[in-house]
Amino acid sequence: QVQLVESGGGLVQPGGSLRLSCAASGRSFSNSAMAWFRQAPGKEREFVAGVLWSGGNTYYADSVKGRFTISRDNTKNTVYLQMNSLKPEDTAVYYCAASRLRFEVPSTQYEYTYWGQGTQVTVSS
C-alpha cells in the first residue's frame, strides 16, 4: 500500500520557522517529481513548492519564494519543506504529493497521483 505521511506541522508565531517532512512507503518515489500544496479554509488547494526527481531543480510559488525551501532525500524516500519567516497568511493544511512525471514539476494538483493526509500549519500570535 502506497502511503505519504506528513509531519512537522503545528502552531508558530509570525516570523517563526517550521520544517515539514513527508515520508513515503509502499514504493520508491526516487523517479517522481514531488511537491507541497496547501489549502486554507474556504480556498482552493494551491501549489507551494516542487522538486524534480534528482533534487537538483526546485520551483516555488511567488508567495513563498525566498522563505521556503523544498528538498528531498531519495535514500530515505522523504521530502522536506523548510518554512522560514512564516506569516499568518501561510496558515493552511499542507499536503505532500507525488507525480508520475520525472522531468517536470506540475503546478496543478490534477497531475499528482499520490497524496498525504495533510498536516496543519497555523501562524498566529
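Residues numbered from 1 in each chain as written. Predicted model: local features only at pLDDT ≥ 70, side-chain atom pairs only at ≥ 80, totals over all residues. Heavy atoms only, no water.

So, the packing of aromatic side chains
Next up, step 1: One pass over the full model with this rule turns up 7 aromatic pairs.
Next up, step 2: Between Phe37 and Phe47, the ring centres sit 5.7 Å apart and the planes meet at 80°, which makes this aromatic pair edge-to-face. Of this pair, Phe37 sits in strand β4 (residues 34-39) while Phe47 sits in strand β5 (residues 46-51); the two residues are 10 residues apart in sequence, bridging distant segments of the chain.
Next up, step 3: According to the relative accessible area criterion, Phe37 is buried, its value standing at 0%.
Next up, step 4: Aromatic rings pair up to connect Phe37, Phe47, Tyr95, Tyr112 and Trp115 into one cluster.
Next up, step 5: Arg45 extends its terminal NZ or CZ atom over the ring of Trp115, reaching a point 4.8 Å from the ring centre. (Phe/Tyr/Trp six-rings, centres within 6.5 Å; stacked < 30°, edge-to-face > 60°. Helix = DSSP H or I, 4+ residues; strand = E, 2+ residues; numbered from the N terminus. Buried < 20%, exposed > 50% of the residue type's maximum accessible area, 1.4 Å probe, protein only. Lys NZ or Arg CZ within 6 Å of the ring centre and 35° of its normal.)

A short note on unusual backbone geometry
Next up, step 1: For Asn77, which is not a glycine, the phi torsion comes out positive at approximately 55°.
Next up, step 2: Turning to its location among the elements, Asn77 is positioned in the loop between β7 (68-73) and β8 (78-83).
Next up, step 3: For Asn77, a relative accessible area of 17% gives the class buried.
Next up, step 4: Notably, Ser85 is not glycine yet its phi reads approximately 50°, a positive angle.
Next up, step 5: If you trace the backbone, Ser85 turns up in the loop between β8 and β9 (92-99).

Observations concerning the pattern of salt bridges
Next up, step 1: Following the criterion strictly, the structure yields 4 salt bridges and no others.
Next up, step 2: The shortest N-O distance in the salt bridge between Arg38 and Glu46 comes to 2.6 Å.
Next up, step 3: Judged by relative accessible area, Glu46 falls into the partly exposed class, the value being 34%.
Next up, step 4: One salt bridge in this structure joins Arg38 and Asp90, with 2.9 Å as the shortest N-O distance. Taken together, the residues Arg38 in strand β4 and Asp90 in the loop between β8 and β9 connect sequence positions 52 residues apart.
Next up, step 5: For Asp90, a relative accessible area of 1% translates into the label buried.
Next up, step 6: Through salt bridges with shared partners, one network takes in Arg38, Glu46, Arg67 and Asp90. (Salt bridge = Lys/Arg side-chain N within 4 Å of Asp/Glu carboxyl O.)

Thoughts on the sheet that holds β7
Next up, step 1: Read from one edge to the other, the open sheet built from 4 strands follows the order β1-β3-β8-β7, with strand pairing classed as antiparallel. Pairing within the sheet leaves two strands with one partner each, and these edge strands are β1 (3-7) and β7. Taking the axes of each pair of neighbouring strands and ignoring which way they run, one obtains an average angle of 15° across the sheet. (Pairing = 2+ DSSP bridges. Axes fitted to C-alpha atoms, helices over the stretch in contact; angles between N-to-C directions.)

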